[in-house]
Structure formats: C-alpha cells, structure tokens
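Single-letter residue listing:
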Protein chains: 2
Amino acid sequence: MKENRIYNFNAGPAALPLSVLEEIRDSFLNFAGSGMSITEISHRSKSFDDIINDAVARTKRLLKLDDKFHVLFLQGGASMQFCMIPMNFLQEGKSADYVNTGTWSTKAIKEAKLQGKPIKVVASSEDKNFSYIPKNIEFSKDAVYVHITSNNTIKGTQWANFPETNGIPLIIDMSSDIMCKPFDVEPFGLIYAGAQKNIGPAGVCMVIIREDLLNLVPDNLPAMLKYSTFVSTNSLFNTPPCFAIYIIQLVLKWIEETIGGLDKMEEINRKKARLLYKTIDDSGFYKGTTELESRSMMNITFRLLDEELETRFVQEALENDLGGLKGHSSVGGCRASIYNATTLEAVETLTDFMKTFERKNG
Amino acid sequence: MKENRIYNFNAGPAALPLSVLEEIRDSFLNFAGSGMSITEISHRSKSFDDIINDAVARTKRLLKLDDKFHVLFLQGGASMQFCMIPMNFLQEGKSADYVNTGTWSTKAIKEAKLQGKPIKVVASSEDKNFSYIPKNIEFSKDAVYVHITSNNTIKGTQWANFPETNGIPLIIDMSSDIMCKPFDVEPFGLIYAGAQKNIGPAGVCMVIIREDLLNLVPDNLPAMLKYSTFVSTNSLFNTPPCFAIYIIQLVLKWIEETIGGLDKMEEINRKKARLLYKTIDDSGFYKGTTELESRSMMNITFRLLDEELETRFVQEALENDLGGLKGHSSVGGCRASIYNATTLEAVETLTDFMKTFERKNG
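Residues numbered from 1 in each chain as written. Chains lettered and ligands numbered in written order. Predicted model: local features only at pLDDT ≥ 70, side-chain atom pairs only at ≥ 80, totals over all residues. Heavy atoms only, no water.

Draft legend 1. Representation of the pairing of strand β5 (residues 146-149) of chain A in the model. All names here are of chain A. Taking every second residue as pointing to the same face, both faces of β5 are buried, with Val146 and Ile148 on one and His147 and Thr149 on the other. Bridging between strand β3 (residues 97-100) and β5 involves two bridges; their strand directions are parallel. The partner of Tyr98 across the bridge, within β5, is His147. (Buried < 20%, exposed > 50% of the residue type's maximum accessible area, 1.4 Å probe, protein only. Helix = DSSP H or I, 4+ residues; strand = E, 2+ residues; numbered from the N terminus. Pairing = 2+ DSSP bridges.)

As structure tokens, this is what we get:
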C-alpha cells in the first residue's frame, strides 16, 4: 500500500479515509491560511464556526433530518450517554424499555439501573450468547423511550430493521454503524454515536436529539450533563474537542462528495460484507458466530478450528499487512471490522489471504 | 515565520511547540511504523499503552509526584471537573471552601451549589472586578477541600503563592498555568487542567488525584463521573481521546528534553512576561488591568486609550502576523496569552510592534 500503510480492520478507533488523513497532514501546520494548526485555532473563531456548522449541515443532509432535530458533539463517548440518557429523561418514577443485545446494551442498562431508574429489559438475546437480534418485542405502554444498540461490535450482530414502538421514541446507540446506510429517522428521539468507528477519531460523540425530548430535561442537572446546555450553545458551552470535530467534518464531506452519499455508502458496505461472509460460508474452514439474518455489515466475526490456529491466522495476516483481525478479548476468535473507510480493496485482499491460509491449513 | 505561520497569542486552544506539530505531521499517515495513523490505532494496543504510560511518567517526573498521586486523562474539560469534584467528595452534608477569583471560579462555585452542596465562598476579589488575588484567607475547619483557580485567563491574575490551608487538601484548577513552573504538590488533593492552553489540544483534561481522596468517592455514582473508574483502568475505562493524549505526551517530552524541565520553563516564561509587562509599564500608552503582585505570567491583559484604538491595535497586529490579541468578549481590551509554547521571539516581535504602534498613535 501507499506510504507503507496497512489494511486496517480495527474495531475502533478504526480506519479513516486516506484522503482525509492526507488533507489533515498537508494543512497541519497552517489551517485554511490561518497561520496556525487546526489544533491551535480558537473554538470561538470564524474558522471553527465554519467547521462545526458544516459538520452539522452535512449530518442533517446525509440523514435527512428536519429542524426538529439538533446535532451535537459531546465528550465522554457512548459511555457518557449511558449515564446522561436516564438522567435527562427519566424523572420521578418514569420508566423506559431497554433491549439487551450484547456488551454495550448491558452497560447502558447497568448505568440506568445504577441511578435507581425503574427501567425494564423487555427483550434479550443473552440466552444464545447474544448471537441474534430479538424479534416481536412487546414494549411497555408507559415507557418514556425504548433503548436499543444498533450494531453489536463485539458479537457481530446488527438490527436489519428497527422495531415498531407505536410512537414511543427510540433511543439508539449507533456508535458502530452510523452513516453506514440511510435509515428513516422519524421514530427516533435520540441517536448517539462515539465517532471512533464510522465517522471520526476517538474523543467525540455525535448526539442527535429531537426537540420534544428537551422538555423532559430537568433544570437542576449539572450543566455538562444536560442536553439543553449543548443545544443552546451549538455544542460550544465550553471548549469542544475541536480536532475530533474537524475530522468528522472531513469524513462527512468524503461520504457526501467522494462516495456520493449514504445510498452509495451502503452499496459499497454491502458488497464488502457479502464478499467476506461468502468467503466464510463457502469455506467450511471459517465459521460465522451469529445467526444469518442478524449478521452485522460492520463487524464480521468468525472462528477457526482452534485458538492456536486463530492466533496464527491473526499473526500471518499482520505479516501480510492486514491488521486488527483479533476478536474482542471477551469473546476470542477473529473479527474483521469493515467500517465505511475500509475499502473494497482491503476486503478483497483479506479474502484472498483467507483462501490462501485455508489452502495451507485446511 | 517558517511555513507561513503566525505568532499565536490565543488564550486557548493556543500555540503548540512547532517541533511537536512537525512530528505529528511527519508521522500522521504511519505512526511508529504501525502502518496506521495515530488517529486509527487501537486504544488497547501496545503503541497506545506506551503513549499514555509515557505521558503519566513524564507528568510524575516533571511535578515530582510520588506514588500516592494518580495521573488521569478525562474528557469534558475543566467544566466537567466543576461538576465531578463536589459529586465525588461532598457526601451527606459535607462542605468545602471555595475562593472566587474570576469567571472560572464562579462557574466552579455555581456547579457545586447547583448540586445542593453546602459549600462556602470564603474569599472573593469580585469587589474589584477580580483584579487581584485575595490574601489572609481563613478557611473552615470542617472543609473537606479548598478549591482555588490558579490562573485567571480572562482577568489576567495568578496566585504567586498558594494559600496555607493547615492540612485541608487543596483542589486547584490549573487549566491555564499547569507546567509553567515547578511547585510543591504536597498540599494538593486534586489538580486538574484542561489541556488546551499549556500542555496540549482541546478535548482532554489532565487530573492528578491523591490516593486518600478516593476514599470519599461514593459507590453509586455513574461510572463515567467517578474518579475511581479511571484510577483503576489507567484512564482506559472506555475509549479515551487518544490523539489529544498523544499531543500531551509530545508536549511533556518537549518540556523535559528540549526545554530542560520546569525550572528552565519558568525561566523562559518569566523572561517573556517581564518583557511584556515592562513594555506596558514603560509606555504610558498601554495600561495593565490587574494589581502588580497578582499579575499573571500566562495571560497579560492591557487596555489602550479607547475601544476604537484597541480594535485597530488587534487588527494591525494581525496584519503583522501577531494573532489572538483580542481580550475575552466578557471584558474587552487586549490580551496576550503567552503559554509555554509561545516563544521569546514571539514576545519580542510583539513588544517591538507595540512600541511601533505607540509611536504612531501615542
């Protein structure tokens, strides 16, 4: 590859588009003629206003958000959202429904319960080691919101279609699949995504909040834990993570202008996932770990015959410039994370390697 | 200047050492032979472990911290600390003392009061528009901690010597002057600093916490708001702001290896501040805004005859490649922020310009 780079299948922080990285590098000492690095400009400058406003505008265009949605950039990652969501929306005995589809859902549930909120876990796939997405869920009529995790990075599952909640706002953790395809935003009250998988680097979380949910936010919360603080200041209540927001802006620009929007993005992502799953399914050597219809388009998890072989697979892959293929430490096995910035070329190189490795070891 | 850069007197985000920026640029597409950008590597990788451990080790060496201190890197800036400090340390009617020396102290006090904590403002310089640092303060015997703000970025004041609290742990916001000089850490229970002024970019806050303060932290706090969460995970409970921590590491390395430590750093900082204050005091044209013995070494605030002249000063300075000299919007006037990375050459160029501007307009 160019510049001695490798094919990066990291689960997050993850690959970024090469053209974005090159643009950052080339202007790193002098951003937009300012004579300063992007890391040195004021968050109150016109230059930075242009960046954050462009990032918001592109998010709205890409997801077809109308004016009832606010796009925010917060710190603390998805983990901070696990805490802020119940804190902002569940006052005085109000309850919400949660669906448990894996590690991140479990953490979101734990944080809500820790605050003493009477939330209800209405469905879970824990019975089969989170290898599927539950169906036909019945939601509580009095739930303030329904919380789901859109894609399970660790177990490799993803909602193909979001559940029907009969008007109860969906709150969704989209950290590992936001902007991977178009979707209908109407049922959503709040969408959040740690940027470090599909849209940027670590250190910033995109939050999209629907206007009416702000009515639930109590006055007496700490300023930094209150969604209304960031809505009323365009995410500039205090110094935001400027550089991370800048990368998001560039990645969204790349999706719009280089890729050609979310329909095109989905087309590429489906092609990549299809190729990888086909290589697994055709082999008899690699084994997928999730139910077919719950398979993730972003994180492709698979096992080999034994752990020794898996270790060797990951090692030899790296020697062939294919990095980040080790499964999450909590589950083992192998995983190829193929987010937006992972190219089809990268996946083709990986599947070629997989076939060669199979021939030698099958 | 090299690479069409300007002299940057921004108050934060602010100037970074040119050699640090060059190193980031040069390795931006391939960090330490990984074949990945620093923005693409995993926070669970050995590469990143080396970065964060080096940043911690350098902080400990520079500030002479022994093992009872933990060095953490959190998100949310100093503003999040305003909320976390009372939340972690003031349970069940416990109280703390706060000293109000300006905008940031006022915000810290507001956030503690918002949580219903019975804190006491034991001294304030609000009577003279925060133009001085209070002296001879009497602290409450039952205070769990005493909170002060080390340097007032907006008003241009700084504690020359920290107050004697007779064993009550000091908690200090050092966002705008950490690492500007050596100081005795013994009286401190917690030191925090948003990085974007003296040690890095926006998006990360350094927190140094003394072991015994962890005993005060209640179990039932949200994980992301609890200091113990980050102590027990070396700041890796969830994905940290990797790139911002990397810049801190490089800046601390620059302080240790290029500058030669905090004694040398102080020598340079004092020289810069002396030169600038002398230019102001000798002029009769520029007027300092703070009491002499409370003057900040980091943020030099001054006024000109009227606002029209101030606007012209800032504008003409920028035309001469001297940026960021406008005072904070809440106070007006002019301000030169001369943090660690602002060179003596930059200050000499500024004082030359000030003399020329005075000759033309005085």
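Draft legend 2. Broad picture of the pairing of β3(A). Residues and elements named next belong to chain A. Residues Asp97 and Val99 point to one face of β3 and Tyr98 and Asn100 to the other, with burial holding for every one of them. Relative to strand β4 (residues 120-124), β3 is paired through four bridges, and the arrangement is parallel. Directly across from Asp97, in β4, lies its bridge partner Lys120. At this point the chain moves from β3, through helix α4 (residues 103-114), to the parallel β4, and the crossover so formed is right-handed. (Right-handed = clockwise from strand over helix to strand, strands pointing away.)

Draft legend 3. Summary view of helix α6 (residues 242-259) of chain A. All names here are of chain A. Between its first and last C-alpha, α6 extends 25 Å over 18 residues, near the 26 Å set by a 1.5 Å rise per residue. Judged by how many residues are buried, α6 sits mostly within the fold: 15 of 18 residues are covered. At the C-terminal side of α6, Gly260 shows a positive phi close to 105 degrees. (Expected span 1.5 Å × (residues − 1).)

Draft legend 4. Local environment of the state of the cysteines. All names here are of chain A. Within the structure shown, the criterion is met by zero disulfides over all chains. Of all cysteine sulfurs in the structure, the one in Cys205 sits closest to Cys180, which takes part in no disulfide; the separation is 17 Å. Under the relative-accessibility criterion, Cys180 is labelled buried at 1%. (Disulfide = S-S within 2.5 Å.)

Draft legend 5. A look at the domain arrangement of chain A. Residues and elements named next belong to chain A. The domain boundaries assigned to chain A delineate domain 1 (21-258) and domain 2 (261-361). The interface is formed by 28 residues belonging to domain 1 together with 26 residues belonging to domain 2. Both faces combined, the contact of domain 1 with domain 2 buries some 2,100 Å², and carbon together with sulfur accounts for 54% of it. The interface formed by domain 1 and domain 2 contains two salt bridges. Where domain 1 meets domain 2, there are 14 residue pairs in polar contact (both at pLDDT 80 or more). Residue assignment for the side of domain 1 that touches domain 2 shows that the elements contributing at least two residues are α2 (46-63), β6 (151-152), β7 (157-158) and α6. The greatest single-element share of the side of domain 1 that touches domain 2, amounting to three residues, is contributed by α6. Residues belonging to the side of domain 1 that touches domain 2 are distributed by class as follows: 12 nonpolar, nine polar and seven charged. (Domains from an automatic or database assignment. Contact = heavy atoms within 4.5 Å. Buried area = accessible area lost by both parts, 1.4 Å probe. Salt bridge = Lys/Arg side-chain N within 4 Å of Asp/Glu carboxyl O. Polar contact = N/O pair within 3.5 Å; in protein donor to acceptor, adjacent residues only side chain to side chain. Nonpolar A, V, L, I, M, F, W, Y, C, P; charged D, E, K, R; others polar.)

Draft legend 6. Quick look at the nonpolar core. One finds A:Phe73 and B:Phe73 to be the most contacted residues of the largest nonpolar core, which totals 128 residues. Beyond its immediate chain neighbours, meaning those up to four positions away, B:Phe73 contacts B:Ile52, B:Ala55, B:Val56, B:Val204, B:Cys205, B:Met206, B:Ser235, B:Ile245 and B:Ile248. Among the nonpolar cores identified, the runner-up in size contains 66 residues, and A:Leu90, B:Met84, B:Ala108 and B:Ile109 belong to it. (Core = buried A, V, L, I, M, F, W, Y, C linked by side-chain atoms within 4.5 Å.)

Draft legend 7. Local environment of the interface of chain A and chain B. Facing the 57 residues of chain A at the interface are 57 residues of chain B. The partner of A:Glu40 in a salt bridge is B:Arg5, and the shortest N-O contact between them spans 3.0 Å. Taken together, the links from chain A to chain B amount to 23 residue pairs in polar contact (both at pLDDT 80 or more). Mapped onto the side of chain A that touches chain B, the elements with two or more residues apiece are α1 (18-26), α3 (77-89), α4 and α6 of chain A.

Draft legend 8. Expanded view of the relation of the copies chain A and chain B. Here chain A sits on chain B after a turn of 180 degrees about the axis and a move of 0.0 Å along it, with an RMSD of 0.0 Å. The relationship between the two copies is best expressed as a two-fold rotation axis. (Least-squares fit on C-alpha atoms with pLDDT ≥ 70 in both.)

Draft legend 9. Up close: the packing of aromatic side chains. Taken as a whole, this structure holds 41 aromatic pairs over all chains when the rule is applied. Plain terms: the ring middles of A:Phe162 and A:Phe188 are 5.3 Å apart, the flat faces sit at 90 degrees to each other, and that makes the pair edge-to-face. One end of the pair, A:Phe162, is in the loop between β7 and β8 (170-173); the other, A:Phe188, is in strand β9 (residues 188-194), and 26 residues separate them in sequence. Here the aromatic rings of B:Phe313 and B:Phe357 are separated by 5.2 Å at their centres, their planes lie at 85 degrees, and the arrangement is edge-to-face. (Phe/Tyr/Trp six-rings, centres within 6.5 Å; stacked < 30°, edge-to-face > 60°.)

Draft legend 10. Just the pattern of salt bridges, in detail. Inspection of the entire model under this criterion finds 40 salt bridges over all chains. As a salt-bridge pair, A:Glu257 and A:Arg58 come within 3.0 Å of each other at their nearest N and O atoms. Here A:Glu257 is found in helix α6, whereas its partner A:Arg58 is found in helix α2, with 199 residues between them in sequence. A:Glu257 gets classed as exposed once you look at its relative accessible area, which sits at 51%. The class for A:Arg58 is buried, based on a relative accessible area of 7%. The residue B:Arg303 makes a salt bridge to B:Glu310 at a minimum N-O spacing of 2.8 Å. Connected via shared salt-bridge partners are A:Asp54, A:Arg58, A:Arg61, A:Glu256 and A:Glu257.

Draft legend 11. Focus on the environment of A:Phe237. Note that A:Phe237 resides in the loop between α5 (227-231) and α6. Under the relative-accessibility criterion, A:Phe237 is labelled partly exposed at 25%. Measuring from C-alpha to C-alpha, the distance between A:Phe237 and A:Lys226 comes to 11 Å, with 11 residues separating the pair along the chain. Excluding its chain neighbours within four sequence positions, the residues that come into contact with A:Phe237 are A:Arg44, A:Ala223, A:Met224, A:Thr229, A:Phe230 and B:Ser79.

Draft legend 12. Representation of unusual backbone geometry in the model. Residues and elements named next belong to chain A. The amide bond that connects Gly12 to the next residue, Pro13, takes the cis arrangement and shows omega of -10 degrees. Counting through the fold element by element, Pro13 comes out in the loop between β1 (7-8) and α1. One non-glycine residue with positive phi stands out, namely Phe130, at about 55 degrees. Positionally, Phe130 belongs in the loop between β4 and β5.

Draft legend 13. Structural context of the sheet that holds strand β5 (residues 143-149) of chain B. All names here are of chain B. Taken in spatial order, the seven strands line up as β2-β10-β9-β8-β5-β3-β4 in an open sheet, and their pairing is mixed. Two strands in the sheet have a free side with no partner beyond their single neighbour: β2 (69-74) and β4 (120-124). Going across the sheet, the axis of each strand differs from the next one's by a mean of 15 degrees, ignoring polarity. Most of the contacts of helix α3 (residues 77-89) go to strand β9 (residues 188-194), to which it runs at about 155 degrees, and overall it touches β2, β3 (95-100), β5, β8 (170-173), β9 and β10 (205-210). (Axes fitted to C-alpha atoms, helices over the stretch in contact; angles between N-to-C directions.)

Draft legend 14. Representation of helix α8 (residues 307-319) of chain A in the model. Residues and elements named next belong to chain A. In a regular helix each residue adds 1.5 Å, so 13 residues correspond to 18 Å; α8 covers 18 Å between its end C-alpha atoms and thus fits that length. Of the positions making up α8, those classed as buried are Leu309, Glu310, Phe313, Val314, Glu316 and Ala317. The inward-facing, buried residues of α8 abut β12 (299-303), β13 (322-323), β14 (334-337) and α9 (344-361). N-capping of α8 is provided by Asp306, with a side-chain oxygen placed 3.2 Å from the backbone N of Glu308. Within two residues after α8, Asp321 carries a phi angle of roughly 65 degrees, on the positive side.

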